[in-house]
Amino acid sequence: MTDFDWNNYSLETQAIRAGHDRTNQDEHSIPIFATSSYVFKSAEEAALRFTGKQPGNIYSRFTNPTVDAFQQRLALMEKGERCLAFSSGMAAIMAIGMGLLKTGDHVLCSRSVFGNTVLMFQNYFDKFGVKTDFVELSNSAAWEAAIKPNTRFLFLETPSNPLIEIADIKAIADIAHKNGCLLIVDNVFCTPVLQKPLELGADIIVHSATKYIDGQGRCVGGAVVASDEIIEKYIYPYLRTGGATMSPFNAWVFLSGLETLAVRMKAHCDSAFELAKWLDVQPGVEKVYYPGLNSHPQHELAKSQQSHFGAVVSFELTEGKEHAWKVIDATNMLSITANLGDVKTTITHPATTTHGRLSPEVREEVGIKDSLVRISVGLEDLEDIKNDLLNGL
Ligand SMILES: *Cc1c(COP(=O)(O)O)cnc(C)c1O
């Protein structure tokens, strides 16, 4: 398999076949290498491995063949030189900060990112003298205006959650590079099937494999994809020392998740688009947030930057919070959970769950109303999903 240059194959093929270095047992499916350490043929070989003069495994906190297969596969799919897997998406974000930041540095972050990402910058990196400012995701000029001489990187997630705003990755990457900063993109909502941030100019991609990459809600994991230089200089040394390694079992689950990612994402997005159009004409629905709709302010940008519009749909009810809770509580089948990216459709009320810790003023400012409901559209029959929503509508 190592003779192949997988770069010559399409994403769908890479997702199924790349990364597996078949062993002398001729297995068809990738084995789970459940081993914490590796054996050397001699004392000299051990010494060479430890100095890095001879490539090879030493200890599974550093490298493991099952985890390597996942890393190689995801790197190819994202068109990156190298990928490192982590125990969770947050561990991946933590590694980027620990690897790249030092006291006195400044970070610019979109104000519409995953809640724990905000806390990571605000509560933890801040303790070590790294200040973070938060800016409006879709306003490229605001990013430019907020850069300081000590800004190390810009961090964003597009589309955002739960209002599905879109950032112009190419424009913001240009702004970052003009000012000597890196651009980091959390690609969880799109996956490489829908969007390839590195091709648009981003320097680092971060993933929570927990969402669409697994796709069936089984394991927690994360990844960083970047150039060889960035990984080797900043991320790998921290992983080796910090130790938030992905387990071989989880890597094995994520490998099979990647195999079906392209077909799943397309089916998720097709259903979400249909559901958004349907919601848009339902009585009781005030407004639908979905980039596939012409009414979405960044519809054209989403069309040029993504291959599909994504599988998360948010909508506002006409009668406020009571109405939103009523729609959620009247569902029989949908899962009431803040998780997303599952074959099972999930429904949630952002203002009292994921964004409940924000003050009402901040929620108002970022546009998350009490009447807002978010759906992560799964792969059940679309008519069944609509019927479940009709109970409360
Ligand atoms: C879930 C999520 C994360 C964090 O990932 P975990 O695997 O839960 O640690 C980061 N970013 C986004 C967009 C997410 O949805």
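The coordinates are above.
S.K.: Could you give an account of unusual backbone geometry, with specific residues and numbers?
M.R.: Of all residues except glycine, most have a negative phi; of all peptide bonds, most are trans. Here T158 and P159 are connected by a cis peptide whose omega angle stands at 0°. Residue position: P159 is located in the loop between β4 (151–157) and α7 (169–178). Put simply, N161 and P162 share a cis peptide bond, and its omega is 5°. Secondary-structure assignment places P162 in the loop between β4 and α7.

S.K.: Could you give me a rundown of helix α5 (residues 115–124), with the residues and numbers involved?
M.R.: The set of residues buried in α5 consists of T117, V118, M120 and F121. Down the axis of α5, the buried set is contained in an arc of 155°. They therefore lie on one face. Considering only its buried residues, α5 is in contact with α4 (89–100), β2 (106–110), β3 (131–135) and β4.

S.K.: Please provide a residue-by-residue account of helix α15 (residues 382–390), values included.
M.R.: Along α15, the positions that sit buried rather than exposed are L382, I385, K386, D388 and L389. Burial along α15 is one-sided: seen end-on, the buried residues are contained in an arc of 160°. Against α11 (261–280), α13 (320–329), β11 (346–348) and β12 (372–376) lie the buried residues of α15. Looking at where α15 begins, the residue whose side-chain oxygen comes 3.1 Å from the main-chain nitrogen of E383 is D381.

S.K.: Give a description of the pattern of salt bridges that names residues and reports values.
M.R.: One side chain can pair with another of opposite charge once the charged atoms of both are near each other. The full count for this structure, using the stated rule, is 16 salt bridges. Between E144 and K178 there is a salt bridge, and its shortest N-O distance comes to 3.0 Å. Of this pair, E144 sits in helix α6 (residues 140–146) while K178 is found in helix α7, placing the two residues 34 residues apart along the sequence. In this structure E144 comes out as partly exposed when scored by relative accessible area, which is 34%. The residue K386 makes a salt bridge to E383 at a minimum N-O spacing of 3.3 Å. With K386 and E383 both in helix α15, this residue pair falls three residues apart, about one helical turn. What makes K386 buried here is its relative accessible area of 13%. Through salt bridges with shared partners, one network takes in R82, D228 and E232.

S.K.: Give me the site of the ligand: which residues, what numbers.
M.R.: Taken together, 13 residues lie around the ligand, and M90, D186, S208, T210 and K211 are the ones closest in. Measuring from an oxygen atom of the ligand, one finds a side-chain N or O atom of S208 at 2.8 Å. Here an oxygen atom of the ligand and a side-chain polar atom of K211 are 2.6 Å apart. Taken by itself the ligand offers 380 Å² of open surface, and the protein chains cover 91% of this. Using a 2 Å cut-off from the grid points, one finds that the ligand occupies the second largest pocket. Among the residues making up the shell around the ligand, the classes are represented as five nonpolar, five polar and three charged.

What counts, and at which threshold
- Residues numbered from 1 in each chain as written.
- Predicted model: local features only at pLDDT ≥ 70, side-chain atom pairs only at ≥ 80, totals over all residues.
- Heavy atoms only, no water.
- Helix = DSSP H or I, 4+ residues; strand = E, 2+ residues; numbered from the N terminus.
- Buried < 20%, exposed > 50% of the residue type's maximum accessible area, 1.4 Å probe, protein only.
- Arc of directions from axis to C-beta.
- Contact = heavy atoms within 4.5 Å.
- Polar contact = N/O pair within 3.5 Å; in protein donor to acceptor, adjacent residues only side chain to side chain.
- Salt bridge = Lys/Arg side-chain N within 4 Å of Asp/Glu carboxyl O.
- Near = heavy atom within 4 Å.
- Areas by Shrake-Rupley, 256 points an atom, 1.4 Å probe, with all protein chains shown as cover.
- 1 Å grid on protein atoms, 1.4 Å probe; cavity = no way out; pocket = protein on both sides within 12 Å on 5 of 7 lines; lining within 4 Å.
- Sits in = over half its atoms within 2 Å of the grid points.
- Nonpolar A, V, L, I, M, F, W, Y, C, P; charged D, E, K, R; others polar.

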